[in-house]
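# Fold and contact review
Chain by chain, the residues:
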Amino acid sequence: KNICKNVKVVIHTAGMNAHDCALDPVGAIEFNGVATAKLVQATVAVGVKKFIYLSTAHVYSSPLVGEIDEESCLTNKHPYATSHVAGENAVLYQSNISDNFTGIVLRLSNGIGAPTHKYANCWMLAVNDFCRQVVENGKIMVNSPREVERDFVPISLICEIINSFVSQKKTESCVINVSSSTTTSLQEMTDMIRGRAKLILGFEPEVVFKCKEELDKAPKLSISNIKLKEIVVSENNTEEEID
């Protein structure tokens, strides 16, 4: 309560990553779910007006396939997903019962962006891992099939969205997918990284796909960002994030 006093907006970005949630499902629900609920209650108690919670698009399904929008069913039973749903529910429930409190849930797809410091535990993210491998090893090792498609979103876009919500004088409680609404295969992404490495580092790294199995037809994915476009319009700057 003390750190939330005289604060207008709380942006809750802390959370256990998918790997740690799988190792400690109880800790996942305690942190992503219970701790979020406690933080929400603390903010309401001291009069915070707006609460922005960063969740994940992985609450929908595993793997993410098909056409997805904010009304799609949440079927992923992985502790990473279920613990984030618990956090979402804490935010949205309080928003529904409080007149002077607005809860905003942002469901993020696959983020791309440099960490704020070198010790940040973000290297399990696909593109971050690929870029790190280029610098450390001079080549990229990929575990998944080259045809696998993902929806990548630049971290800078996430920052723009948060800034938009912070600056809005009147905001409705909502759940919003933060996505590009298009997909990029791992082959296409590693090709892009190779091209940026040649321009910036002066060499084209080798790419090795460890999984030799070829998918006859890669599952299609489309995460709608129609609601997002009503809030912020931004150009895709994936290359800048990779750089």
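Refer to the preceding data block for the structure.
Quick notes on the rules
Residues numbered from 1 in each chain as written. Predicted model: local features only at pLDDT ≥ 70, side-chain atom pairs only at ≥ 80, totals over all residues. Heavy atoms only, no water. Core = buried A, V, L, I, M, F, W, Y, C linked by side-chain atoms within 4.5 Å. Buried < 20%, exposed > 50% of the residue type's maximum accessible area, 1.4 Å probe, protein only. Helix = DSSP H or I, 4+ residues; strand = E, 2+ residues; numbered from the N terminus. Contact = heavy atoms within 4.5 Å. Axes fitted to C-alpha atoms, helices over the stretch in contact; angles between N-to-C directions. Parallel < 35°, antiparallel > 145°, perpendicular 65-115°, else oblique. Left-handed = near helix turned anticlockwise from the far one by under 90°. Nonpolar A, V, L, I, M, F, W, Y, C, P; charged D, E, K, R; others polar. Pairing = 2+ DSSP bridges. Expected span 1.5 Å × (residues − 1). Salt bridge = Lys/Arg side-chain N within 4 Å of Asp/Glu carboxyl O. Phe/Tyr/Trp six-rings, centres within 6.5 Å; stacked < 30°, edge-to-face > 60°.

### Let's talk about the nonpolar core
Residues Ile52, Leu54, Leu106, Ile158, Ile161, Phe165 and Val178 are the most contacted members of the largest nonpolar core, which totals 16 residues. Contributing elements (two or more residues each) for this core: β2 (50-56), β4 (102-108), α5 (155-167) and β9 (174-178). Those residues in contact with leucine 106 that sit more than four places away from it in its chain are Ile52, Tyr53, Leu54, Ser55, Thr56, Ile161, Ile162, Phe165, Ile176 and Val178. Formed by 14 residues, the second largest nonpolar core is a distinct cluster that contains Ile112, Val127, Phe130 and Val142.

### Re the packing of helix α2 (residues 25-45) against helix α3 (residues 79-97)
Contact geometry of α2 with α3 gives a least axis separation of 8 Å together with a crossing angle of 15°. Classified by the angle their axes make, α2 and α3 are roughly parallel. Here α2 runs over α3; the crossing is right-handed. Residues Pro25, Ala28, Ile29, Asn32, Gly33, Thr36, Ala37, Val40 and Val44 of α2 pack against Pro79, Thr82, Ser83, His84, Ala86, Gly87, Ala90, Val91 and Gln94 of α3. For the contact of α2 with α3, the class distribution of residues is 10 nonpolar, 8 polar and no charged.

### Side note on the packing of helix α4 (residues 126-137) against helix α6 (residues 186-200)
Contact geometry of α4 with α6 gives a least axis separation of 11 Å together with a crossing angle of 40°. Considered as vectors, α4 and α6 are oriented oblique to each other. In the crossing of α4 with α6, the sense of the turn from one axis to the other is right-handed. Judged by residue contacts, Val127, Phe130, Cys131 and Val134 of α4 engage Leu186, Met189, Thr190, Ile193 and Ala197 from α6. Classifying every residue of the contact of α4 with α6 gives 8 nonpolar, 1 polar and no charged.

### With respect to the side chain of glutamine 133
Here glutamine 133 shows up in helix α4. Since its relative accessible area comes to 6%, glutamine 133 is described here as buried. Discounting chain neighbours no more than four positions away, the residues touching glutamine 133 are Gly138, Lys139, Ile140 and Met141.

### Regarding the sheet that holds strand β1 (residues 9-12)
One open sheet accounts for 4 strands, arranged β1-β2-β4-β9; its pairing is parallel. Both edges of this open sheet fall to β1 and β9, since each of them pairs with a single strand only. The sheet shows a mean angle of 20° between the axes of neighbouring strands, direction not considered. One ladder, built from 7 bridges, connects β2 with β4; its direction is parallel. If you follow tyrosine 53 over to β4, its bridge partner there is valine 105. Packing of α3 onto the sheet brings it into contact with β2, β4 and β9, and relative to β2 it is tilted by some 160°. Against the sheet, α5 makes contact with β1, β2, β4 and β9, and its axis sits at roughly 155° relative to β2, the strand it touches most.

### Considerations on α4
With 12 residues, α4 should cover 16 Å at 1.5 Å per step; its first-to-last C-alpha distance of 16 Å lies within 8% of that length. For α4, every residue scored as buried is listed here: Ala126, Val127, Asn128, Asp129, Phe130, Gln133 and Val134. As for α4, its buried residues are in contact with β5 (110-112), β6 (139-142), β7 (149-150), β8 (152-154), α6 and α8 (238-242). Note on α4: the residue one or two positions beyond its end, glycine 138, has a positive phi of about 75°.

### Brief notes about the pattern of salt bridges
For side chains bearing opposite charge, pairing can occur when the charged atoms are close. Per the counting criterion, the structure on display carries 7 salt bridges. The closest approach of N and O atoms between lysine 220 and glutamate 149, which form a salt bridge, is 3.7 Å. Here lysine 220, found in the loop between β11 (206-209) and β12 (221-223), pairs with glutamate 149, found in strand β7; they are 71 residues apart in sequence, far enough to count as distant. Of the residues examined, lysine 220 reaches a relative accessible area of 54% and is grouped as exposed. Residue arginine 196 pairs with aspartate 243 through a salt bridge whose shortest N-O separation is 2.9 Å. One end of the pair, arginine 196, is in helix α6; the other, aspartate 243, is in the segment after α8, with 47 residues separating them in the sequence.

### With respect to the packing of aromatic side chains
As enumerated under the stated definition, the model contains 1 aromatic pair in all. Ring geometry for phenylalanine 51 against phenylalanine 101: centres 6.2 Å apart, planes inclined by 45°, an arrangement best described as tilted. Separated by 50 residues along the polypeptide, phenylalanine 51 in strand β2 and phenylalanine 101 in the loop between α3 and β4 bring together distant segments of the chain. Look at phenylalanine 51 and you get buried, because its relative accessible area is 0%. Residue phenylalanine 101 is classed as buried on the basis of its relative accessible area, which comes to 4%.

Everything listed here is a matter of geometry and, on its own, says nothing about what the molecule does.
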